[in-house]
Structure formats: C-alpha cells, structure tokens
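Reading the structure
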Amino acid sequence: MRFLYKEIPKLCMVILFFSFLAPVQSVSANVGVSAHSAILMDEESGRVIYEVNAHEKNRIASITKIMTAILAIESGQMDETVTISGNAFGTEGSSLYLKEGEKIKLEDLVYGLMLRSGNDAAVAISEKVGGSLDGFIWMMNQKAEEIGMKNSHFTNPHGLDNTKNHYSTAYDMALLTRYAMKNETYAKIAGTKVHRAPNSTEDWDYVWKNKNRLLTQLYEYCTGGKTGYTKLAKRTLVSTATKNNHDLIAVTLNGPDDWNDHISMYEAAFKNYSLTEILPEGAIKDIKEPIYQGHAYFKNDFSYPLTKDERELIKVKMKFLKPESKWKDKRNIPEVVGKAYIYLNGKQVGSRSIFYGETLESFNQQSFKSSWAALFESVLGIDRNG
C-alpha cells in the first residue's frame, strides 16, 4: 500500500492540526564545545539537537570499535571460542595482552574491545567473524552503507592511523551508535563498568574496567559509549545518556575537553528539551468516516524531543484510504488504511501507519483522543459524534 501525493485524490483526508507563531528554541546557542566536530542526537527519533562540523570527514581512532562490536554481536557467534592468531597477538596500541594460541570466547573479546579498547581483540574478532581481516573490513563498509553512513570508510577494525582512507563523521558515528543501541547485547556491553573473563593460559581471570569516565565517574546519566585516541585523530568520544526516559547520543571528534563537552551538551538538552508523546499507541478517536470509527489505531506511538515553544508548532495530518464498495465485506479492508504525518514548523519529522482492526479494547492503551487531540478539538471544533 503506497501513499503518494499523486494519489491524494483517492484518499479521504482527515487533517488535525494546531499551529501558532512561536519562536523555535535551539540548544545550540547555549552550548560551546572544545571539539572540532560534535553532534548531539536524540536516540529515538534521530533528531539532531546540536551540531558543529558534524558532516566533516575526520579520523576517528578507537570509536571505530563500535562497528567491530556490533558486527560481532550480529554474527551469532558470541558463544564460540576464538583462538588468538599471530596476527592478532602483539597488535600495536592499546591491548588486552592476549597470547598467541590463547583461547577465549568471542563475547569476552567484545567486552575487552569495548571496555579496554583492545586492538588485539579487534583483530581477533575480525578474523573470526569475517574469516579474514579483509573480509571483515568489507563487512564494515557494507554495514556502514546499510545504516546510511554516507561519509565513512573503514580500512581496519580498531581505528589505528594506518591509512588516510579510514574516516567517518560525527553525524555518521551517531547514526552507527543509534543503530547499535537498538541491540540489547550491545547496549549492555557498552554500559558495563567492569567485566571479568576467564584466562585459559593463567590461573587468574582477566578483569577489565571501562575507560569511559563519563560512565564510571563523571556523569550519573551516562549509559555507555566508547573512547578513542591516536596521535593524528586526537581525542574522540561517543557516549549515550538517559534522563527522564529521554535517550541521547553525543559524539565529539578532536575534542581536547571531551568529557565536559558531552556533559555540557547533555545538560543543555535535558534542560531545554523533553521527549514528548505526539501520537499515542492505540485507538484513534473522532474520525468522521463511519467505517473507521472504533477500528483505526496506531501500533506504535510517536514521540519527539521538543522545547516548550516547539510544542505549539506541531501539526499532524492524517490521510485515510477512500472506502471502496467491496469493503462491505470487512475481510477486504486492508491492514493499513492510512498514514499520519507529523510536522514541526512545516517540516515533516516523522510518520506512523494507521491500521484497521475489529476491536481495540485488547490493546488497553491510551487513545489518541486523550493527549494532543484535546488541543486539536479546541482549534477545529471536532464533531465528537462523527
């Protein structure tokens, strides 16, 4: 079922809206960062709340390992054992000090990769998951394309400065983190402060403490992330934070004061923005078309980070398919019967499909009428009886 503008004459349109002229507040004016490139993104919607040079290509150092970690997790091999190769052993830079021939679970390697930034772990993971280093690098670039990282290219699994062709942007790394955080295993690992792993060659266990000081010491709302540093990339940092159920992602590249950069961005956003439910999951009330009354609903809610003033700039347009004669037999009514479009100050920021069902009581959810619709009614005088 496609909903194209050229098909609008075929649609029965119900438009609900409220709009007043109010200034759009931006957090940007309230934040200054040391980083050359930075971004603050809302995790749920992908809205960019703050940015500076966010699309500029730069070296990224060890935040590369976010890609390495998610590919390992998605491989389905986390419980399998990895034998450390001579190629992985002694990889330069930060290390778990793994020994050639040592056996260790892939899951533990991912913990060591994310918490201690082990470059030897990165190589071992790439050989296991990709079959070879080159095979894994191909996987990295394929995943980047899939996610929409248009200004990124990977040439290694760890981020060492071995070539100028290994780069990304603050925006792309936020996209990657947003994707990765949808995976519960990744989110758990990235937010782990300490991990213990068995050592197959010694009588003591590995104990790895997370290098992310935002998570372990500095910021109570931090939920995870990844640190990075090389001589050419300088300090790079990805972090996530949650307050009042509002999830945010921050990225800085070449940020000499990155801990404070992230805290400043988070605090400004949490102060000025709140995650606002615009379309609740469940029944849509006040529909004039009889065939849809009591049967149209949203499967998923839609929430968006808004300032207080921006709440008055939201517009929702709902478009329904024009009923057909064959719908007298309700078995012929399609599952998707319309779409809701959400606009902020005239710019579309999201959409939700409208579904048709025989009964909605089983959802036991807040109806559309009970939140924003009260405001729509006050503007339009909606006929509650259809």
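Residues numbered from 1 in each chain as written. Predicted model: local features only at pLDDT ≥ 70, side-chain atom pairs only at ≥ 80, totals over all residues. Heavy atoms only, no water.

**Focus on the pattern of salt bridges**
- Summed over the entire model, instances satisfying the criterion amount to 12 salt bridges.
- Between Lys 143 and Glu 146 there is a salt bridge, with its nearest N and O atoms 3.2 Å apart. Separated by 3 residues within a single helix, Lys 143 and Glu 146 lie in helix 4 (residues 133–147), roughly one turn from each other.
- Each of the salt bridges in this network shares a partner with another, and the network as a whole consists of Glu 74, Lys 143 and Glu 146. (Salt bridge = Lys/Arg side-chain N within 4 Å of Asp/Glu carboxyl O. Helix = DSSP H or I, 4+ residues; strand = E, 2+ residues; numbered from the N terminus.)

**Here's the deal with the sheet that holds strand 3 (residues 48–52)**
- Spatial strand order, 3-2-10-9-8: 5 strands in an open sheet with antiparallel pairing. The open sheet is flanked by strand 3 and strand 8 (222–230), the only strands paired with a single partner. Neighbouring strand axes in the sheet, compared pairwise and without regard to direction, differ in orientation by 5 degrees on average.
- Sheet topology places strand 9 (residues 234–243) next to strand 10 (residues 246–253); 8 bridges connect them, and they run antiparallel. Directly across from Leu 237, in strand 10, lies its bridge partner Thr 252.
- The strands that helix 5 (residues 170–180) touches are strand 2 (37–42), strand 3, strand 9 and strand 10; relative to strand 2, the one it contacts most, it runs at about 35 degrees. (Pairing = 2+ DSSP bridges. Axes fitted to C-alpha atoms, helices over the stretch in contact; angles between N-to-C directions. Contact = heavy atoms within 4.5 Å.)

**Observations concerning the pairing of strand 10**
- Judged by how many residues are buried, strand 10 sits mostly within the fold: 7 of 8 residues are covered.
- Pairing geometry for strand 2 and strand 10, over 6 bridges, is antiparallel. Each residue of the ladder has a partner; that of Leu 40, found in strand 10, is Ala 250. (Buried < 20%, exposed > 50% of the residue type's maximum accessible area, 1.4 Å probe, protein only.)

**Considerations on unusual backbone geometry**
- Phi is positive for Asn 53, which is not a glycine, with a value near 50 degrees.
- Considering the arrangement of structural elements, one finds Asn 53 in the loop between strand 3 and helix 1 (65–74).
- The phi torsion at Asn 345 lies on the positive side, around 55 degrees, for a residue other than glycine.
- Following the sequence through the fold, Asn 345 ends up in the loop between strand 16 (336–344) and strand 17 (347–356).

**Structural notes on the packing of helix 1 against helix 5**
- One way to put it is that helix 1 packs onto helix 5 with a least axis distance of 10 Å and a crossing angle of 30 degrees. In this view, helix 1 runs roughly parallel relative to helix 5, as classed from their interaxial angle. Note on packing geometry: the crossing formed by helix 1 with helix 5 is left-handed. In contact with Ile 66, Met 67, Ile 70 and Glu 74 of helix 1, helix 5 contributes Met 173, Leu 176, Thr 177, Tyr 179 and Ala 180.
- Across the contact of helix 1 with helix 5, the residue classes tally to 7 nonpolar, 1 polar and 1 charged. (Parallel < 35°, antiparallel > 145°, perpendicular 65-115°, else oblique. Left-handed = near helix turned anticlockwise from the far one by under 90°. Nonpolar A, V, L, I, M, F, W, Y, C, P; charged D, E, K, R; others polar.)

**Observations concerning the confidence of the model for the protein**
- Overall, the prediction assigns the protein a mean pLDDT of 87, with 85% of residues at 70 or greater.
- For residues 1–26, every residue scores under 50 in pLDDT, and the model assigns this stretch 71 contacts once sequence neighbours within four places are set aside.
- Overall, residues 359–386 carries pLDDT values under 50, and its contacts beyond four positions in sequence, including any with other chains, amount to 63 contacts. (pLDDT = per-residue confidence, 0-100.)

**Brief notes about the packing of aromatic side chains**
- Within this structure, the stated rule accounts for 10 aromatic pairs.
- Judged by centre distance (6.0 Å) and plane angle (10 degrees), the rings of Phe 302 and Tyr 304 are stacked. Of the two residues examined, Phe 302 and Tyr 304, each falls in the buried class.
- Here a set of aromatic residues connected by ring pairs shows up, and it is made of Tyr 219, Tyr 221, Tyr 266 and Phe 270.
- The aromatic ring of Tyr 343 is capped on one face by Lys 317, whose charged end is 5.3 Å from the ring centroid.
- Lying across the ring of Tyr 341, Lys 319 places its NZ or CZ 4.9 Å from the centre. (Phe/Tyr/Trp six-rings, centres within 6.5 Å; stacked < 30°, edge-to-face > 60°. Lys NZ or Arg CZ within 6 Å of the ring centre and 35° of its normal.)

**Some thoughts on the environment of Gly 46**
- With respect to the helices and strands, the residue Gly 46 is situated in the loop between strand 2 and strand 3.
- Sequence-wise, Gly 46 and Leu 175 are 129 residues apart; in three dimensions their C-alpha atoms are separated by 7.8 Å.
- Residues within four places of Gly 46 in sequence aside, it is in contact with Met 41 and Arg 178.

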